[in-house]
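One-letter residues, chain by chain:
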Amino acid sequence: QVRLVESGGGLVQAGGSLRLSCGVSGRIVSTHVMAWFRQAPGKEREFLDAIKWSDGATYYANSVKGRFTISRDIAKSTMYLQMNSLKPSDTADYYCAAKSGVYGSDWHIPPYDYWGQGTQVIVSS
């Protein structure tokens with residue numbers, strides 16, 4: 001079992017930056033893939049990016065490529081989402097997620113097995 005806890009959300013002005021953290025507890029194995037999603041009010045949940053826990057390989061959705069950076073610190077059992085050049089359209093609840101298995105080239109694709117409770121990000125104009 002894996003437990004995920006997000007933190008770092010808050011209110012930020014457009015153009016600003018914010019770093020979200022996802023603390024991971026439980027049995028972490030090298031085959032874990034972790035990801036960030038977000039869900040804006042009235043919209044479907046959106047995949048943002050993913051990272052392989054083992055080697056740090058990353059994948060980004062086009063909507064955040066170049067502005068967001070996903071990373072992980074194995075020693076701290078923590079995943080991060082650095083968000084730069086934030087826009088009001090980035091306002092949403094942000095969730096971290098994890099899954100484990102053997103994957104090919106589509107390793108980043110949902111579904112994910114474990115989810116955090118979410119942290120709210122509000123970007124003001």
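That block above? That's the structure.
Residues numbered from 1 in each chain as written. Predicted model: local features only at pLDDT ≥ 70, side-chain atom pairs only at ≥ 80, totals over all residues. Heavy atoms only, no water.

1. Section: the state of the cysteines
Where two cysteines share a covalent bond between their sulfur atoms, that bond is called a disulfide. Convention followed: Throughout, disulfides are identified as pairs of cysteine sulfur atoms within 2.5 Å of each other. Only DSSP runs of H or I with at least four residues qualify as helices, and only runs of E with at least two residues qualify as strands; both kinds are numbered from the N terminus onward.
Tallied over the entire structure, the rule returns 1 disulfide. Across a sulfur-sulfur distance of 2.1 Å, cysteine 22 and cysteine 96 are joined as a disulfide pair. Residues cysteine 22 and cysteine 96 share a disulfide whose torsion about the S-S bond is about 65 degrees; that sign makes it right-handed. Of this pair, cysteine 22 sits in strand β3 (residues 18–26) while cysteine 96 sits in strand β9 (residues 92–100); the two residues are 74 residues apart in sequence, bridging distant segments of the chain.

2. Focus on unusual backbone geometry
Selection rule: Burial classes follow relative accessibility: with a 1.4 Å probe on protein chains only, a residue under 20% of its type's maximum area counts as buried, one over 50% as exposed, and anything between as partly exposed.
Proline 111 follows proline 110 through a cis peptide bond whose omega is 20 degrees. Along the chain, proline 111 turns up in the loop between β9 and β10 (114–115). You will see that serine 77, though not glycine, has its phi angle at about 50 degrees, which is positive. Classification of serine 77 as partly exposed rests on a relative accessible area of 25%. Even without a glycine there, the phi angle at serine 85 is positive, about 50 degrees. By secondary structure assignment, the location of serine 85 is in the loop between β8 (78–83) and β9. Take serine 85: its relative accessible area is 43%, and that puts it in the partly exposed class.

3. Brief notes about the pattern of salt bridges
Put simply, the rule reads: What counts as a salt bridge is simple: a side-chain nitrogen of Lys or Arg found within 4 Å of a carboxyl oxygen of Asp or Glu.
Evaluated as defined, the whole model comprises 3 salt bridges. Salt-bridge contacts for glutamate 46 lead to arginine 38; the nearest nitrogen and oxygen are separated by 2.8 Å. We classify glutamate 46 as partly exposed; its relative accessible area is 28%. Judged by its relative accessible area of 8%, arginine 38 is buried. Aspartate 90 is the partner of arginine 67 in a salt bridge, and the nearest nitrogen-oxygen pair spans 2.7 Å. You can see arginine 67 sitting in the loop between β6 (58–60) and β7 (68–73) and its partner aspartate 90 sitting in the loop between β8 and β9, a full 23 residues away along the chain. Accessibility classification places arginine 67 together with aspartate 90 in one group, the buried group. Taken together, the shared-partner salt bridges connect Arg38, Glu46, Arg67 and Asp90 into one network.

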